[in-house]
Amino acid sequence: MAGKREGSGNRKVTVEELLLEMHRTVDGLAEDGAGRADLKLLSRSLRELRHAFRFFDGLRDRPKVTVFGSARLSPQSPAFRQAESFGREMARRGWFVVTGAGEGIMEAAHLGAGAEHSIGVNILLPFEQSDNTVMAGNPRLIHTKYFFTRKLLFLKESSGVALFPGGFGTMDEAFEVLTLLQTGKTHPFPVVLVDEPGGTYWARWRRFLEEGLLERGLISAEDLSLFRITVDVDDAVREIQRYYRVFHSARYVGKDLAIRIRKPLEPAALRDLAGDFRDLLAEGGMTQTAALPEEAEEPEIAGLPRIVFRFNNRSFGRLRQLIDRLNEESAR
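If you're wondering where the values come from, they're calculated on a predicted model, not measured in any experiment. (Residues numbered from 1 in each chain as written. Predicted model: local features only at pLDDT ≥ 70, side-chain atom pairs only at ≥ 80, totals over all residues. Heavy atoms only, no water.)

A. Main features of the nonpolar core. Among the nonpolar cores identified, the biggest contains 80 residues, and Phe86, Val191, Ile259, Met286, Phe309 and Leu322 are the most heavily contacted of them. Examining the composition of this core, we find that six residues originate from one element, helix 3 (residues 78-92), more than from any other. (Core = buried A, V, L, I, M, F, W, Y, C linked by side-chain atoms within 4.5 Å. Buried < 20%, exposed > 50% of the residue type's maximum accessible area, 1.4 Å probe, protein only. Helix = DSSP H or I, 4+ residues; strand = E, 2+ residues; numbered from the N terminus.)

B. Region of interest: empty space enclosed by the protein. By the definition in use, this model includes two cavities of 30 Å³ or more. Of the pockets and cavities examined, the largest cavity occupies roughly 100 Å³. Considering the residues around the largest cavity, the lining is formed by 13 residues, among which Leu181, Pro188, Phe189, Leu226 and Phe316 are closest to the centre. When residues of the lining of the largest cavity are traced back to their parent elements, those giving at least two are helix 6 (168-182) and helix 10 (316-328). Classifying every residue of the lining of the largest cavity by side-chain character gives 10 nonpolar, two polar and one charged. (1 Å grid on protein atoms, 1.4 Å probe; cavity = no way out; pocket = protein on both sides within 12 Å on 5 of 7 lines; lining within 4 Å. Points joined across faces, edges and corners; volume = space filled by probe spheres on them. Nonpolar A, V, L, I, M, F, W, Y, C, P; charged D, E, K, R; others polar.)

C. Local environment of the pattern of salt bridges. Counted by the stated rule, this structure contains 24 salt bridges. Close ionic contact of Lys151 with Asp172 constitutes a salt bridge, the shortest N to O distance being 2.7 Å. Taken together, the residues span a long stretch of sequence, with Lys151 in helix 5 (residues 147-156) and Asp172 in helix 6 at a distance of 21 residues. Judged by its relative accessible area of 15%, Lys151 is buried. Its relative accessible area of 37% is what places Asp172 among the partly exposed residues. Between Lys156 and Glu157 there is a salt bridge, and its shortest N-O distance comes to 2.9 Å. (Salt bridge = Lys/Arg side-chain N within 4 Å of Asp/Glu carboxyl O.)

Set out below in structure tokens:
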């Protein structure tokens, strides 16, 4: 949902206005006397992002799941085999599988998905990190210099995230994903943490969250709803697929949050939803509407109903619970 708020007074800022603002920012750097190193960083970042936006522009017709995990795990490890199976099952359901294009878990997920269903976003490091066997020479591979641009692309373009066991990098990615979801700085999507059968990697990690963070009041119980843990690949795949059974997407329109759904709710179901999640409302109630005028630039989803309400902009774990409730409607 980040970046989806309209301008003041609900007036939409035009492309021309945004480009003019960017030009003014660049001119301001000259006025500020910005140093060569800072300008070099900004220039390279902007070029990277421009190239990446063009790259992904032709790949937006299919959903994407980003896979994170250790580059050190061998093909003989159970986690490697789990990741390979996960990539295969997601590709079979029409998803692209996105990874950092390295070895270990990244290669496993791409081996399962196959070259035609794989996307790689590799990082240029002081030591050589070669592209994995699936992505070497693959036209759906790009390289970035900076971790922050790389991670932005992983999440901006994804409709789901799967994490397998890993080291510092995987922990960084796990906590960044959850931080962005917890604070509403990214669009809502499912996060699944996959362990090997009988494994304790993610169970011990969750115990740390509960005992080290939740018990001290550093996170809320609802934040634990932002992810699921499983040791079963089929369960991981179902978790991602289930997330989009009724829920389609969400965006802000002025001060309101519009949740686009794939089928309308019965009036009684909407009343129950508004009552059970009244704590999410900053004011007013929940209404079911057609597409709003401010969404005119998305004609491909104009036919979807919307649940619209004034969100309190802080309870994103509860918002995930609301999405789960919506998806349960398809099973009733």
